[in-house]
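# Analysis of the macromolecular model
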Amino acid sequence: MTAASAPPMIRVAGVDKFFGPLHVLKNVQLEVPKGQVVVVLGPSGSGKSTLCRTINRLEPIDSGVIEVDGQPLPAEGKELARLRADVGMVFQSFNLFAHKTIVENVMLAPTKVRKTPAAEARKTAMELLERVGIANQADKFPAQLSGGQQQRAAIARALAMKPKVMLFDEPTSALDPEMVQEVLDVMTGLAKDGMTMLVVTHEMGFARKAADRVIFMSDGEVVEDSTPEEFFSAPKSNRAKDFLGKILTH
Ligand SMILES: Nc1ncnc2c1ncn2[C@@H]1O[C@H](COP(=O)(O)OP(=O)(O)OP(=O)(O)O)[C@@H](O)[C@H]1O
C-alpha cells in the first residue's frame, strides 16, 4: 500500500457517546495520520478524556466507528484484546503494580499477553527503561521512585507492547511541577521518533512545541482542528478565545 492510500493510524468517524442523559461526545470526527502528534485541549468536562478512552474501548461508544491502522475496534472479545495491544495508554495515575519492581512492571504484559520469553522481555524492558532515562531504577519498587520516574516507567510499560499509537490522558497533571518537564521530554522524544500520539494535556508549552495539530473540544464537540500556530495566535471560535483567555490570565 502506498503512503497516499494508507489509512490514518487513528480514525474516529461520527462518534457519539452518552453517559445516561449526558451527551458527552457529539458526532466526533478525527483522523490522525501515522507519525502525527495531536494535542487535545478544552475546558474541564468537554469530553477530552472520554474521547481518549473510547479509542481503545475503555469506554464503549453509542454510534460511529473507531479504527486503529485501518482495523475497526470490536466492542469485546479476544479480537479486542489483540487490537487493544496496538494502543498504548498512559494515564494521570501511573497504575504501576506496587509489589513488582519497575522492570517487572514493564515485562508483565509482554510475558503474559504476548507470551514473550522472560529473558527477551527483560532485555526489551531494560532498553525501554534506558530510553526513558530510568534504567538505574529498574530493580526498585514503584513507591521508591518519584512521581516523574513512575510516569516514565508507565510510558516504558506502554511501549513494551510495541503499540502503533500512544494515547496520553493528562500524563503530568498528578506530578509536582518540577517533575513535569522530564515526562514531557520523554514524550517529545517519542514524537521525534515518529510515534503517532494523541495527548490530552493542559501543558500549553508542549502543545505549542511538540504538536503537529491541536484539537479544541467544547461541550462534546470538536470545535477547532488546526496547527498550534493558528490555534494560539488566531483561534476561530469564541469558545476557543474564551478558553485561551482564561488560561492566559491564570
Ligand atoms: N463514567 C462516567 N459516568 C458518568 N459521567 C461521566 C463519566 N465519565 C465522564 N463523565 C462526564 O462526561 C463529561 C465529559 O467528561 P471528560 O472526563 O471526558 O471531560 P474532560 O474534558 O476530560 O474533563 P477534565 O479536563 O476535567 O478531565 C463530564 O460531564 C463528566 O462529568
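Residues numbered from 1 in each chain as written. Predicted model: local features only at pLDDT ≥ 70, side-chain atom pairs only at ≥ 80, totals over all residues. Heavy atoms only, no water.

## Some words on the site of the ligand
Residues in close proximity to the ligand total 13 residues, the closest being S44, G45, K48, S49 and T50. Taking G47, its main chain carries an N or O atom lying 3.0 Å from an oxygen atom of the ligand. Side-chain polar atom of K48 to an oxygen atom of the ligand: 2.8 Å apart, as the coordinates give it. Computed on the free molecule, the ligand has an accessible area of 630 Å², of which 59% lies beneath the protein chains in the complex. When contributions to the shell around the ligand are tallied by element, the ones reaching two or more residues are strand 2 (22-32) and helix 1 (48-55). In terms of residue count, the dominant contributor to the shell around the ligand is helix 1 (three residues). Tallied by class, residues from the shell around the ligand come to four nonpolar, seven polar and two charged. (Near = heavy atom within 4 Å. Polar contact = N/O pair within 3.5 Å; in protein donor to acceptor, adjacent residues only side chain to side chain. Areas by Shrake-Rupley, 256 points an atom, 1.4 Å probe, with all protein chains shown as cover. Helix = DSSP H or I, 4+ residues; strand = E, 2+ residues; numbered from the N terminus. Nonpolar A, V, L, I, M, F, W, Y, C, P; charged D, E, K, R; others polar.)

## What about the pairing of strand 9 (residues 213-218)?
Within strand 9, six of the six residues are buried, which leaves it mostly tucked inside the rest of the structure. Residues R213, I215 and M217 point to one face of strand 9 and V214, F216 and S218 to the other, with burial holding for every one of them. The pairing of strand 3 (residues 37-41) with strand 9 spans four bridges and is parallel. Its bridge partner lying in strand 9, L41 is registered against F216. Where strand 9 lies against strand 10 (residues 221-226), five bridges are found, and the strand directions are antiparallel. Counterpart to I215 in the pairing with strand 10 is D225. The loop that links strand 9 with its antiparallel partner strand 10 comprises two residues; one of these, D219, has a positive phi angle of about 50°. (Buried < 20%, exposed > 50% of the residue type's maximum accessible area, 1.4 Å probe, protein only. Pairing = 2+ DSSP bridges.)

## Points about the packing of helix 3 (residues 102-112) against helix 4 (residues 118-131)
Axis separation between helix 3 and helix 4 bottoms out at 9 Å; the angle between their running directions is 125°. One finds that helix 3 runs oblique with respect to helix 4. Considering only the axes of helix 3 and helix 4, their crossing is right-handed. Two secondary-structure elements touch here, helix 3 through I102, V103, V106, M107, P110 and T111 and helix 4 through A118, A121, R122, A125, M126, L128 and L129. Of the residues contributing to the contact of helix 3 with helix 4, the split by class is eleven nonpolar, one polar and one charged. (Axes fitted to C-alpha atoms, helices over the stretch in contact; angles between N-to-C directions. Parallel < 35°, antiparallel > 145°, perpendicular 65-115°, else oblique. Left-handed = near helix turned anticlockwise from the far one by under 90°. Contact = heavy atoms within 4.5 Å.)

## Considerations on the sheet that holds strand 8 (residues 196-200)
Reading across from one edge, 6-7-8-3-9-10 is the order of the six strands in this open sheet, with mixed pairing throughout. The outermost strands of the open sheet, each flanked by one partner alone, are strand 6 (87-90) and strand 10. Averaged over all adjacent pairs, the angle separating strand axes in this sheet is 20°, with direction ignored. Contacting strand 3, strand 6, strand 7 (165-169), strand 8 and strand 9, helix 1 crosses the sheet at an angle of about 150° to strand 7. Strands in contact with helix 6 (residues 177-192) are strand 3, strand 7 and strand 8; relative to strand 8, the strand with the most contacts, it is inclined by about 150°.

## Section: the UniProt feature "domain: ABC transporter" (unreviewed entry) in the protein chain
The sites that carry the UniProt feature "domain: ABC transporter" (unreviewed entry) are, in the present numbering, residues 10-244. With 38% helix and 26% strand, residues 10-244 has end C-alpha atoms that lie 27 Å from one another. (UniProt positions renumbered as here; feature names shortened; annotations may be inferred.)

## Topic: the packing of aromatic side chains
Two numbers describe a pair of aromatic rings. These are the distance of the centres and the angle of the planes. For the structure on display, the rule yields three aromatic pairs. A centroid spacing of 5.4 Å and a plane angle of 80° characterise the contact between F231 and F232, whose relative ring orientation is edge-to-face. Each member of the pair, F231 as well as F232, is classed as buried. Taken together, the aromatic side chains of F216, F231, F232 and F243 make up a single cluster linked through ring pairs. Above the ring of F232, the side-chain terminus of R208 is found at 4.3 Å from the ring centroid. (Phe/Tyr/Trp six-rings, centres within 6.5 Å; stacked < 30°, edge-to-face > 60°. Lys NZ or Arg CZ within 6 Å of the ring centre and 35° of its normal.)

## Focus on the pairing of strand 8
For strand 8, a buried count of five out of five residues is recorded, marking the element as mostly surrounded by other parts of the structure. Here strand 8 shows no split at all, with T196, L198 and V200 on one side and M197 and V199 on the other all buried. Where strand 3 and strand 8 come together, four bridges link them in parallel fashion. Within the sheet, the bridge partner assigned to V39 lies in strand 8 and is V199. Looking at chain direction, strand 7 and strand 8 are connected through five bridges and run parallel. By the bridge assignment, F168 is partnered in strand 8 with V199. A crossover connection joins strand 7 to the parallel strand 8 through helix 6; in handedness this β-α-β unit is right-handed. (Right-handed = clockwise from strand over helix to strand, strands pointing away.)

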